[in-house]
Amino acid sequence: RVFRISPVPSTIERLANGAFIDLNLAFSEATGYTRADLIGRSPRALPDWKNREEFQRMIERLRTGDTTVRFKMPVTCKDGTVCDFAVALRKFESGGQELVVATYTDVSGLEAL
């Protein structure tokens, strides 16, 4: 319940195949993608998902021992705009499955301080 109402755009994926199993309202508001657009699909399967390779490389780091990874990644929103996100991934287990919670912080337009 807290995941769904969190103001931080977030998704949950299966570690094994990267398929989305949940996303919150803040993620939908930030990207335009709905649950119907993404549940059961992997970022790799989305033709306009920018930098799929970077996302997959970070998932591999989780598979091989890291519990948390952080990186910057452009994401093409449903309306075609591209936003830069700082993404943090954390591996966890639930119901015997290895899952990944991902949080997205829009850093588009922010300049280095």
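In every chain, residue numbers begin from 1 and rise along the written sequence. Per-residue local features of the predicted model are confined to residues with pLDDT of at least 70, and side-chain atom pairs are confined, for both listing and counting, to 80 or more; whole-chain, interface and lining totals are unaffected and use all residues. Remark: hydrogens and water are excluded; side-chain values derive from all non-hydrogen atoms of the structure.

The next thing to look at is the pairing of strand E5 (residues 97–106). Of the pairings in the sheet, the one linking strand E1 (residues 10–14) to E5 comprises five bridges and is antiparallel in character. Within E5, the residue paired with Thr-11 across the bridge is Ala-102. Should DSSP find at least two bridges between two strands, the strands are taken to pair. Helix and strand labels come from DSSP, where a helix needs a run of H or I of at least four residues and a strand needs a run of E of at least two; each type is numbered from the N terminus. When strand E4 (residues 82–94) meets E5, the two strands line up antiparallel, connected through 10 bridges. The partner of Arg-90 across the bridge, within E5, is Val-101. Between E4 and E5, which pair antiparallel in sequence order, lie two residues; one of them, Gly-95, sits at a positive phi of approximately 60 degrees.

Quick look at the confidence of the model for the chain now. In predicted models, pLDDT denotes the confidence assigned by the predictor to each residue on a 0 to 100 scale. Per-residue pLDDT for the chain averages 87, and the proportion of residues at 70 or more is 89%. Model confidence for the chain, summarised as mean pLDDT per element, is weakest for helix H4 (residues 52–63) at 81 and strongest for helix H2 (residues 25–31) at 95.

In what follows, salt bridge is the name for a side-chain nitrogen of Lys or Arg lying within 4 Å of a carboxyl oxygen of Asp or Glu. In the structure shown here, the tally under the stated rule is five salt bridges. Residue Arg-35 pairs with Asp-22 through a salt bridge whose shortest N-O separation is 3.1 Å. Of the two residues, Arg-35 sits in helix H3 (residues 35–38) while Asp-22 sits in strand E2 (residues 20–23), which places them 13 residues apart along the sequence. Salt-bridge contacts for Arg-61 lead to Asp-66; the nearest nitrogen and oxygen are separated by 2.8 Å.

With antiparallel pairing, the five strands of this open sheet are ordered in space as E2-E1-E5-E4-E3. The two strands at the open ends of the sheet, each matched to only one other strand, are E2 and strand E3 (68–76). The sheet shows a mean angle of 30 degrees between the axes of neighbouring strands, taken without regard to direction. Here E1 pairs with E2 via three bridges, running antiparallel. Residue pairing for E2: Ile-12 is matched across the bridge by Asp-22. Interaxial angles span 0 to 180 degrees and are taken between N-to-C directions of axes, which are lines fitted to C-alpha atoms, for helices over the stretch in contact.

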